[in-house]
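One letter stands for each residue in the lines below.
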Amino acid sequence: MPSALITGITGQDGSYLAEYLLSQGYEVHGLVRGQANPKRPLVEALLPDVDVVEGDLLDQASLISVVQSCQPDEVYNLGAISFIPISWKQAELTAETTGLGVLRMLEAIRLVTGASKSRPGGGAGIKFYQASSSEMFGKVRESPQSESTPFYPRSPYGVAKVYGHYITMNYRESYDLFACSGILFNHESPRRGLDFVTRKLSLGAARIKLGTQAELLMGNLESKRDWGYAPDYVRAMHLMLQQEEPDDFVIGTGENHTGREFAELAFKHVGLNCDDYIKTDERFMRPAEVDHLLADASKAREKLGWEPSVDFQELVSIMVDADLQAEAKAG
Ligand code: NAP
């Protein structure tokens, strides 16, 4: 039975990836950090077949110990400080977790496998996936963005992801590790964190419809993002590690929309007009904005045979319906 270790198991992608790998016959280990992490019971309830292991991307020894004991065939590094506005407030923690955390996980794999150029097969024993991000393109140099588009990150999060991306490439080249980065554009779902713009909008529309909220305070809704559906994106992560050679891939839909378009659709879905309820709040504006992201995922389509299955309008409906249902159930 193949086995996988996932960091970030308590997050959106970690849960979908775990479900997908379990459905493919994997044994799945999920890394949870911290003492009495409140999300641990949620993971254990949602994913009872996942073996929860303790460790932290800030703690090198814990990662070595986890890799040693789980002996995974594949490691998916999804753990990160991932909420971009927080990355300005906690820039050092973001660099440590989202950037240096990648190095620590690569080092754990190198030390446990003894990976080296001089060893036949290098570090082929454990394959590694790094969760790179379209935020690395930031102030875009060209459009759409592909694997060869130069990076220009616009947040401490984006800068840390660029480090994670290049150190993954460097370990692949230095130690023959089977290490890949997926440069994933925004992907959403009903499991998206409550602070993220799409989830704030879907939940806000649901609550306003149900009469439990009066208005919705938002930041900039004019930036364009290439928004896809998270379960489609975890399939791409797995596909990358099943190729003959390690490589990096852009994953996105090739279509972009503003936050305002998301808001209009979400409120329309519940029979309301978003302009009657949404107010702009300067507190939610980023110090440096990313205006326009659009994926050119042609390499993934050709080499991985990957395609998204859910379009923008469907994504908005899925999220609003899930929030309506959950809010109605919660009373
Ligand atoms: P998420 O829901 O915010 O999950 C982040 C995960 O990282 C959580 O499980 C969190 O654990 C964990 N984490 C934070 N600090 C950690 C530490 N010190 N040690 C171990 N784990 C730690 O993020 P997501 O949306 O699933 O995204 C998964 C990955 O893809 C992230 O790296 C993100 O940056 C990247 N990405 C996401 C998107 C997107 O649109 N979703 C796009 C491109 C790239 P706690 O619950 O304990 O805090």
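Basis of the calculations
Residues numbered from 1 in each chain as written. Predicted model: local features only at pLDDT ≥ 70, side-chain atom pairs only at ≥ 80, totals over all residues. Heavy atoms only, no water. Domains from an automatic or database assignment. Contact = heavy atoms within 4.5 Å. Buried area = accessible area lost by both parts, 1.4 Å probe. Salt bridge = Lys/Arg side-chain N within 4 Å of Asp/Glu carboxyl O. Polar contact = N/O pair within 3.5 Å; in protein donor to acceptor, adjacent residues only side chain to side chain. Helix = DSSP H or I, 4+ residues; strand = E, 2+ residues; numbered from the N terminus. Nonpolar A, V, L, I, M, F, W, Y, C, P; charged D, E, K, R; others polar. Expected span 1.5 Å × (residues − 1). Buried < 20%, exposed > 50% of the residue type's maximum accessible area, 1.4 Å probe, protein only. Phe/Tyr/Trp six-rings, centres within 6.5 Å; stacked < 30°, edge-to-face > 60°. Lys NZ or Arg CZ within 6 Å of the ring centre and 35° of its normal.

## Description of the domain arrangement of the chain
Often the size quoted for an interface is simply the accessible area lost on bringing the parts together.
Stage number 1. The assigned domain composition of the chain is domain 1 (3-187 + 229-251) and domain 2 (194-225 + 256-330).
Stage number 2. With centres defined by C-alpha atoms, the gap from domain 1 to domain 2 works out at 25 Å.
Stage number 3. Contact with domain 1, which involves 30 residues of that partner, is made by 25 residues of domain 2.
Stage number 4. Together domain 1 and domain 2 conceal approximately 2500 Å² of surface at their shared face, both sides included; 64% is due to carbon and sulfur atoms.
Stage number 5. Glu135 is the salt-bridge partner of Arg286, the closest N and O atoms lying 3.4 Å from each other.
Stage number 6. At the boundary of domain 1 with domain 2, the tally comes to eleven residue pairs in polar contact (both at pLDDT 80 or more).
Stage number 7. Contributing elements (two or more residues each) for the side of domain 1 that touches domain 2: helix H4 (84-89), helix H8 (230-240) and strand E11 (249-251).
Stage number 8. The biggest single contributor to the side of domain 1 that touches domain 2 is H8, with six residues.
Stage number 9. Considered class by class, the residues forming the side of domain 1 that touches domain 2 number 15 nonpolar, eight polar and seven charged.

## Here we look at the side chain of Thr7
Stage number 1. Relative to the elements of secondary structure, Thr7 occurs in strand E1 (residues 3-7).
Stage number 2. Among the polar contacts made by the side chain of Thr7, one reaches the side chain of Asn77 at a distance of 2.7 Å.
Stage number 3. Non-local contacts of Thr7, meaning those with residues more than four positions away in its chain, are made with Leu31, Leu57, Tyr76, Asn77, Leu78, Gly79 and Met105.

## Focus: helix H7 (residues 197-210)
Stage number 1. A rise of 1.5 Å per residue sets the reference length of H7, with its 14 residues, at 20 Å; its end C-alpha atoms lie 20 Å apart and thus fit the reference within 8%.
Stage number 2. Burial runs high along H7: ten of the 14 residues are buried.
Stage number 3. Among the residues of H7, Thr198, Arg199, Lys200, Leu201, Ser202, Leu203, Gly204, Ala205, Ala206 and Ile208 are the ones counted as buried.
Stage number 4. Buried positions along H7 lie against strand E7 (187-188), strand E8 (216-218), helix H9 (259-269), strand E13 (278-280) and helix H11 (312-330).
Stage number 5. Phi turns positive, to about 80°, at Gly211, one or two residues after H7.

## A few points about the pattern of salt bridges
Stage number 1. This model, assessed by the stated rule, comprises 20 salt bridges.
Stage number 2. Across the pair Arg199 and Asp323 runs a salt bridge, and its minimum N-O distance is 2.8 Å. Remark: Asp323 occurs in helix H11 and Arg199 occurs in helix H7; sequence separation between them is 124 residues. The residues Arg199 and Asp323 share a single accessibility class, namely buried.
Stage number 3. For Glu215, the salt bridge goes to Lys279, with nearest N and O atoms at 3.1 Å. Of this pair, Glu215 sits in the loop between H7 and E8 while Lys279 is found in strand E13, placing the two residues 64 residues apart along the sequence.
Stage number 4. On the accessibility criterion, Glu215 (35% relative accessible area) is partly exposed.
Stage number 5. For Lys279, a relative accessible area of 41% gives the class partly exposed.
Stage number 6. Via salt bridges that share partners, Glu135, Arg225, Arg286 and Glu289 belong to a single interconnected network.

## Notes on the packing of aromatic side chains
Stage number 1. Across all of its chains, the model carries eleven aromatic pairs by this definition.
Stage number 2. For the pair Phe137 and Phe151, a centre-to-centre distance of 5.5 Å together with 45° between the ring planes defines the contact as tilted. Residue Phe137 is located in the loop between strand E5 (127-133) and helix H6 (156-175), and its partner Phe151 is located in the loop between E5 and H6; the two are separated by 14 residues in the primary sequence. There is no split in this pair, since Phe137 and Phe151 are both buried.
Stage number 3. An aromatic cluster of three or more residues is present, and its members are Phe137, Phe151, Tyr166 and Phe185.
Stage number 4. Its guanidinium or amino end placed over the ring of Phe178, Lys127 lies 4.7 Å from that ring's centre, counting from NZ or CZ.
Stage number 5. Just above the ring of Phe249 sits the side chain of Lys299; from NZ or CZ to the centre is 4.9 Å.

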